[in-house]
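# Remarks on the overall topology
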Amino acid sequence: MKGRVSILEVHVKDRRLAEDVNLMDVAKFTPGLVGADLANIVNEAAIMAVRGSRDVISTLDFQEAIEKSLIGGVQLKNRVISEDERRTIAYHEAGHAVVMHATPHSDPVYKITIIPRGQSGGFTMALPEQDSILMFRNQIMARIIGLMGGRVAEELFCHDITSGASNDLQVATQLAEDMVMRLGMSVSGLRVFRRPEAFAALHTGQKTFETLDKAINEILNECYEDAKRIISEKRDAVERVTQALLQQETLTREEFIALI
Ligand code: ZN
């Protein structure tokens, strides 16, 4: 974090910042980002300020720039969406947040919103408490479980499923594939496969292919079942978070904790 603060200090040297801007906070919300990313965030924040005809960069400009960099796309505050869609998105995000909060080794939830951004209808932001070099198996599993929370909430509360989980499932699948094929973290054994294309390669025999395939599906199913168990046990919490999201669109960490 200290390293990021010094990088940020260099990049804001010729910029005018509002008095409330705390570079420590910017650093806190950008774990794992390197020099070029941070330079980008400062640039984006400056552009936001210019767009808003402000001659200083505010904390909100930084927040927007960070979210844009982490989630992609711009905030679409005025996009009109149907009440039904809005409600489904709220359950989906509440599902992520409640599952993450209930899963040990999961990163703390910092923000939940149902304001659309780019391709996503909303998002739940969880950030690690500190930067780390290693990913523990428990942490990877916790991430997959959290990713399943959105889809599971749709199933249990909206009685149908949507395309909203597409990116979640993509990331979850990637993580499960990494565990099996790159990290030696599954029942399939310690052998590492160079790339997912190994699946298609001739030297991956049918039996090996089946073992890998099975191991990946097992991880995904296990995490899905965990998310389902959590949401079934915490229906009230999901309901409260959803109603709060429908009312105020965005919840901070403190508001979320108070609700659950
Ligand atoms: Zn999601």
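Notes on the structure follow. (Residues numbered from 1 in each chain as written. Predicted model: local features only at pLDDT ≥ 70, side-chain atom pairs only at ≥ 80, totals over all residues. Heavy atoms only, no water.)

Let us now look at the sheet that holds strand E2 (residues 123-126). The three strands lie next to each other as E2-E1-E3, forming an open sheet whose pairing is antiparallel. Strands with a single pairing partner mark the edges of an open sheet, and in this sheet they are E2 and strand E3 (250-252). Strand-to-strand twist of the sheet, defined as the mean angle between neighbouring strand axes without regard to direction, takes the value 10 degrees. When strand E1 (residues 109-113) meets E2, the two strands line up antiparallel, connected through four bridges. Within E2, the residue paired with lysine 111 across the bridge is methionine 125. Helix-sheet contacts for helix H4 (residues 59-71) involve E1 and E2, and the interaxial angle to E2 is about 100 degrees. Taken strand by strand, helix H5 (residues 83-102) contacts E1 and E2, and its axis lies near 20 degrees from that of E2. (Pairing = 2+ DSSP bridges. Helix = DSSP H or I, 4+ residues; strand = E, 2+ residues; numbered from the N terminus. Axes fitted to C-alpha atoms, helices over the stretch in contact; angles between N-to-C directions. Contact = heavy atoms within 4.5 Å.)

Another point: a nonpolar patch on the surface. The grouping of Ile133, Leu134 and Phe136 at the surface amounts to a nonpolar patch, some 420 Å² of accessible area in total. We classify isoleucine 133 as exposed; its relative accessible area is 86%. (Patch = residues over 30% accessible without salt bridge, like charges linked within 9 Å, V, L, I, M, F, W, Y side chains within 5 Å. Areas by Shrake-Rupley, 256 points an atom, 1.4 Å probe, with all protein chains shown as cover. Salt bridge = Lys/Arg side-chain N within 4 Å of Asp/Glu carboxyl O. Buried < 20%, exposed > 50% of the residue type's maximum accessible area, 1.4 Å probe, protein only.)

Summarising burial for E1: five of the five residues are buried, a large majority. Sheet topology note: the E1/E3 ladder contains three bridges and is antiparallel. Looking at the pairing, lysine 111 lines up with threonine 252 of E3.

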